[in-house]
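# Structure at a glance
Given next are the chains, with one letter for each unit.
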Amino acid sequence: MGVKVALVVFFMFFVLCSPFPVKRPQHAPCKHLVLFFHDIIYNGSNAANATSAIVAAPEGANLTKLASQFHFGNIVVFDDPVTLDNNLHSNQVGRAQGSYIYDTKNTFTAWLGFTFVLNSTDHRGTITLAGADPTLKKTRDVSVIGGTGDFFMHRGIATIMTDAFEGQVYFRLRVDVKFYECW
Amino acid sequence: MGVKVALVVFFMFFVLCSPFPVKRPQHAPCKHLVLFFHDIIYNGSNAANATSAIVAAPEGANLTKLASQFHFGNIVVFDDPVTLDNNLHSNQVGRAQGSYIYDTKNTFTAWLGFTFVLNSTDHRGTITLAGADPTLKKTRDVSVIGGTGDFFMHRGIATIMTDAFEGQVYFRLRVDVKFYECW
Amino acid sequence: MGVKVALVVFFMFFVLCSPFPVKRPQHAPCKHLVLFFHDIIYNGSNAANATSAIVAAPEGANLTKLASQFHFGNIVVFDDPVTLDNNLHSNQVGRAQGSYIYDTKNTFTAWLGFTFVLNSTDHRGTITLAGADPTLKKTRDVSVIGGTGDFFMHRGIATIMTDAFEGQVYFRLRVDVKFYECW
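Scope of this entry: the structure provided in the associated data block. (Residues numbered from 1 in each chain as written. Chains lettered and ligands numbered in written order. Predicted model: local features only at pLDDT ≥ 70, side-chain atom pairs only at ≥ 80, totals over all residues. Heavy atoms only, no water.)

Moving on, we get to empty space enclosed by the protein. Within the structure shown, the criterion is met by five cavities of 30 Å³ or more. Empty space within the largest cavity amounts to approximately 170 Å³. Taken together, the elements giving at least two residues each to the lining of the largest cavity come down to β4 (92-102) and β5 (110-119) of chain A, β5 (92-102) and β6 (110-119) of chain B together with β5 (94-102) and β6 (110-119) of chain C. Residue composition of the lining of the largest cavity, by class: nine nonpolar, six polar and no charged. (1 Å grid on protein atoms, 1.4 Å probe; cavity = no way out; pocket = protein on both sides within 12 Å on 5 of 7 lines; lining within 4 Å. Points joined across faces, edges and corners; volume = space filled by probe spheres on them. Helix = DSSP H or I, 4+ residues; strand = E, 2+ residues; numbered from the N terminus. Nonpolar A, V, L, I, M, F, W, Y, C, P; charged D, E, K, R; others polar.)

Laid out in structure tokens, this is it:
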């Protein structure tokens, strides 16, 4: 009888222990979102459409053209529309707001610090990301460092893919937001 | 008898499981602080008093006046005094150090990345925040992404309120720092 | 018999509960790394060797010399080599990429936001840090706010020491990365 109880309790343990908070040893996400965001960099002549702007540049560079040397030293501030698919004109579910910093002289890498501010019928809240983005790699993982609202206290990993780009003015990112710590 | 043991164990489980670390399913904060900080932006003539400065701006803007178009593209670096009440001249308990980035062209929003560096008899340590701040909203939630010292490994949510502002030079923020993960 | 089961279960609880995820009430790190990184600031004449550049400055300052007043208002973007010892020419295990922001007018402090991108036989993945760095203190603690790859979902504290500096062009930091939350 005691053994049976022990077994039940042992089983109970594994069933019950993980949900405070929901952390999975197997590393399956407790929540998963796919978001696209669309960045149109101001180039001196597209003020009406631009969603981002170069605001800092290294010596000798200007603010209407990404710097030579892999844009090293450019800081770009953005407020980009977020959609659920790869169409810039789809219904917006929120904005991606923050900055990226080109930080390497011999290849394309950026440091991202930004927040998805979601405001749709399905999701209301913020998701904040930070990390290195080696933009030439097919997929790159960035840390999800916090959330609010529907994403209260969440943490996770965002896998970023460049979905499209046109010259140095437009690019679109697909972001798989996988939460591993949900509350 | 076995059933009784199972019940006791079940109860024990709920009592004991949550404190490793202190995470509450009910989402009551495990620690709560209210801090005020005071930002005086350098405008070209207030060097002695200013606690912050515009250090980046979009094309066509300068560094002594917040940019038009809702300050879009301005990066402001700050080292602001922190007090426990809304009086700029109250005893300082620390500094708020970091930057905010105005990131929207059609309303006021900023991206915050900064740290409360507290150094008082009550609190010694740092609290780091990051996230989107839609500054026109009465209250807005930003993620508390880390802490050190008395706030070792803490995480939480900071609810920010604009407590006062004077023109484009002074503003005061009230920050309710609610930790939900304490160590 | 039931009492014996309860005791076994009680013991089981302590043995099993903590590893989901590995969080230690005693605050012993679950993983520990020592990394050095080397920063060579562009000064107008060292383009070939420089690993970082001033990209923003307060009014009146320029981008080839750190600003007066404790560099207040300078933003420096960097992509610095990371080594396991204090020799700039040792084997690189990765890069430190991001920015630091000098944010005080009456002493040296910086706000760090950067990522260790490790790519060696021993470690592959990223570690992202954010926080205040009062650079004149012998040691200062900064939050480790996220990780990917080998450092999937990790959190911790990084203790930073200035290991060496030469004028305003070269400095070397030693970083003790102590993870307290491993997955």
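Let's shift gears to the packing of aromatic side chains. Taken as a whole and assessed by the stated rule, the structure comprises 36 aromatic pairs over all chains. Ring geometry for Phe37(C) against Phe78(C): centres 5.9 Å apart, planes inclined by 15 degrees, an arrangement best described as stacked. Placement of the pair is Phe37(C) in strand β2 (residues 31-40) and Phe78(C) in strand β4 (residues 75-83), with a sequence separation of 41 residues. Exposure remark for Phe37(C): the relative accessible area of 3% places this residue in the buried category. Residue classification places Phe78(C) among the buried residues on the basis of a relative accessible area of 0%. Through pairs of rings, three or more aromatic residues link up here, namely Phe37(A), Phe78(A), Tyr100(A), Tyr102(A), Phe114(A), Phe116(A) and Phe171(A). (Phe/Tyr/Trp six-rings, centres within 6.5 Å; stacked < 30°, edge-to-face > 60°. Buried < 20%, exposed > 50% of the residue type's maximum accessible area, 1.4 Å probe, protein only.)

The next subject is the nonpolar core. Buried together is how nonpolar side chains tend to be arranged in soluble globular proteins. Within the largest apolar cluster, 36 residues are counted, with the highest numbers of intra-cluster contacts made by Ile75(A), Ile75(B) and Ile75(C). Mapped by element, the contributors of at least two residues to this core are β2 (52-56) and β3 (75-83) of chain A, β3 (52-56) and β4 (75-83) of chain B together with β3 (52-56) and β4 of chain C. Grouped together as the second largest cluster of nonpolar side chains are 33 residues, Ile41(B), Leu112(B), Val142(B) and Cys182(B) included. (Core = buried A, V, L, I, M, F, W, Y, C linked by side-chain atoms within 4.5 Å.)

Summed over the entire model, instances satisfying the criterion amount to 18 salt bridges over all chains. Where Arg172(B) meets Asp163(B), a salt bridge forms, and the shortest distance between an N and an O atom there is 2.8 Å. In this structure, Glu181(B) engages Arg155(C) in a salt bridge whose closest nitrogen and oxygen atoms are separated by 3.6 Å. Separated into two different chains, Glu181(B) in strand β10 (residues 170-182) and Arg155(C) in strand β9 (residues 155-166) make up a pair that spans both. Across the pair, Arg155(C) and Glu181(B) agree in class, each one buried. One salt-bridge network, held together by shared partners, links Arg155(A), Glu181(A), Arg155(B), Glu181(B), Arg155(C) and Glu181(C). (Salt bridge = Lys/Arg side-chain N within 4 Å of Asp/Glu carboxyl O.)

One non-glycine residue, Phe70(B), lies in positive phi territory at about 60 degrees. Considering the arrangement of structural elements, one finds Phe70(B) in the loop between β3 and β4. One non-glycine residue, Gln69(C), lies in positive phi territory at about 55 degrees. By the secondary structure assignment, Gln69(C) is in the loop between β3 and β4.

Residue and element names in this part refer to chain B. Counting buried positions along strand β8 (residues 140-149) gives eight out of ten residues, so the element sits mostly inside the fold. As defined by bridge partners, strand β7 (residues 124-133) adjoins β8 across six bridges and the pair is classed as antiparallel. In the strand pairing of β8, Ile-127 is matched with Gly-147. Adjacent in sequence and paired antiparallel, β7 and β8 are bridged by six residues. Sheet topology note: the β8/strand β9 (residues 155-166) ladder contains five bridges and is antiparallel. Paired with Arg-140 across the strands is Ile-160, a residue of β9. Where β8 folds back on β9, the antiparallel hairpin that results is connected by five residues, among which Met-153 adopts a positive phi of roughly 65 degrees. (Pairing = 2+ DSSP bridges.)

Residue and element names in this part refer to chain B. Inspection of every chain in the model, using the stated rule, returns three disulfides over all chains. The side chain of Cys-30 participates in a disulfide bridge whose partner is Cys-182; the two sulfur atoms lie 2.1 Å from each other. Taking the sign of the S-S torsion, 90 degrees for the link of Cys-30 and Cys-182, the bridge is right-handed. Pair noted here: Cys-30 is in the loop between β1 (22-23) and β2 (31-40) and Cys-182 is in strand β10, with a separation of 152 residues, a long-range link. (Disulfide = S-S within 2.5 Å.)

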